[in-house]
Amino acid sequence: MLTAIATAVDEPLTLTEREVPEPGQGEVLVKITACGICHTDLDLLQGQWPIARFPVVPGHEITGVVAATGPGVSWPEVGVSVGAQFLGDSCRHCDYCVRGEQILCPQKRITGIVMDGGYAEYAVLKADFVTPLPEGLDPVAAAPLMCAGLTAFNSLRQAGTTATSRVAVIGAGGVGALAVRYAVAMGARVAVIGRSNRGEGAAREMGAERFIATQDSDPAEALRAWDGGANVILNATPSTAAASATLTGLAPDGTLVLCGYDSEPLTLPTQPMVLNRLHAMLNPSGSPHDARDTLAFSAAHGILPEFTSIGLRDANTVLDAMAKGRSGKRSIITFD
């Protein structure tokens, strides 16, 4: 099988042929249909994951079909369409695991970081950590839902978004675009924050009622003028500073949730946070039940990302463009 391997930090992916692996106890072999290219894959190559195990096959936005099952696996059966996510395995016995919050397990293992992922024609995955795809959901377009969609949807839920919420999304490309559409589908009122007015038309087409361009106005001040502030602010940009600049635009008891960030520390204005009981949260993707809910909600509301299909041999080119901020639509590796 054709495989792309991350061999070391600051090295391009190496394309090679490998033997198709066999699933072991509790595992399934999945013939990959599609694998989205996520910013986390770039972070791996740039050395931002100290836990990474090199060499490793990147990729955690995976969809495919079960081709074989290992010993002890009664589900999923061969032929079932499944997705796989950032969370690849956990200890299964800690308090978090037994409560269904495996994403918080201290011993969790990450697909494409410490376990081989989806930049290959086949992948061996833990049967307990694959998710059935809803019938009729396009398996190629669904690949980014396994991370970008899951992260956006679960962040909104964890931040307490309801039909009465005012939700502000910083950055409406990739994760941000999905967050806008999820929040609208949840019944929330939505504002989008961007650097310029260039993205206003697209934001309003997705259902945003307000657009704030940071080159023209202070985002926190503009949010406070929006009926007293946002109940939830979701940062979908790889910039901690962009999130910090909006925090005082929260309404009392509001939550700032970071889906994107960089190495800069998050600066919190202590007194406004105390006086208004403000919250700041970073959300690490989700657990298996969150993935199921994300796919079901996406299918019910017709929420799928815009994307460009590429071949595995084009992955280095896309990652290089992403590093230079020129990636455009989300790229999805597809296999015949």
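Reading guide: rules and limits
- Residues numbered from 1 in each chain as written.
- Predicted model: local features only at pLDDT ≥ 70, side-chain atom pairs only at ≥ 80, totals over all residues.
- Heavy atoms only, no water.
- 1 Å grid on protein atoms, 1.4 Å probe; cavity = no way out; pocket = protein on both sides within 12 Å on 5 of 7 lines; lining within 4 Å.
- Points joined across faces, edges and corners; volume = space filled by probe spheres on them.
- Helix = DSSP H or I, 4+ residues; strand = E, 2+ residues; numbered from the N terminus.
- Nonpolar A, V, L, I, M, F, W, Y, C, P; charged D, E, K, R; others polar.
- UniProt positions renumbered as here; feature names shortened; annotations may be inferred.
- Buried < 20%, exposed > 50% of the residue type's maximum accessible area, 1.4 Å probe, protein only.
- Pairing = 2+ DSSP bridges.
- Right-handed = clockwise from strand over helix to strand, strands pointing away.

In this structure, the second largest pocket encloses a volume near 220 Å³. Along the walls of the second largest pocket sit 16 residues, with Pro21, Met115, Asp116, Ala123 and Val124 positioned nearest its centre. For the lining of the second largest pocket, the element with the most residues is strand 8 (residues 122-126), which contributes 5 residues. Per-class residue counts for the lining of the second largest pocket are 9 nonpolar, 1 polar and 6 charged.

UniProt's feature table lists "domain: Enoyl reductase (ER)" (unreviewed entry) at residues 8-332, given in the numbering used throughout. Secondary structure content for residues 8-332 is 25% helix and 25% strand, while the C-alpha to C-alpha distance between its ends is 23 Å.

Let us now look at unusual backbone geometry. In this chain, Phe54 is followed by Pro55 through a cis amide linkage whose omega measures -5°. In this fold, Pro55 is placed in the loop between helix 1 (39-45) and strand 4 (61-69). The omega torsion of the bond from Trp75 to Pro76 falls at 0°, within 30 degrees of zero and hence cis. Looking at the secondary structure, you find Pro76 in the loop between strand 4 and strand 5 (81-84). We note that Arg277 has phi near 50°; this positive angle belongs to a residue other than glycine. Here Arg277 is to be found in the loop between helix 8 (270-276) and strand 15 (279-282). The phi dihedral of Ser285 is positive, around 60°, even though this residue is not glycine. With respect to the helices, strands and loops of the structure, Ser285 is situated in the loop between strand 15 and helix 9 (288-301). Residue class for Ser285 comes out buried when judged on its relative accessible area of 4%.

Taken across its 5 residues, strand 17 (residues 330-334) has 4 buried, putting it largely inside the fold. Taken together, the 3 bridges between strand 3 (residues 27-36) and strand 17 define a ladder with antiparallel strand orientation. Note that in strand 17 the partner of Ala34 across the bridge is Thr334. As paired elements, strand 16 (residues 307-310) and strand 17 share 4 bridges and run parallel to each other. Bridge pairing in strand 17 places Thr308 opposite Ser331. In this region the chain leaves strand 16, passes through helix 10 (residues 315-323) and returns to the parallel neighbour strand 17; the handedness of that crossover is right-handed.

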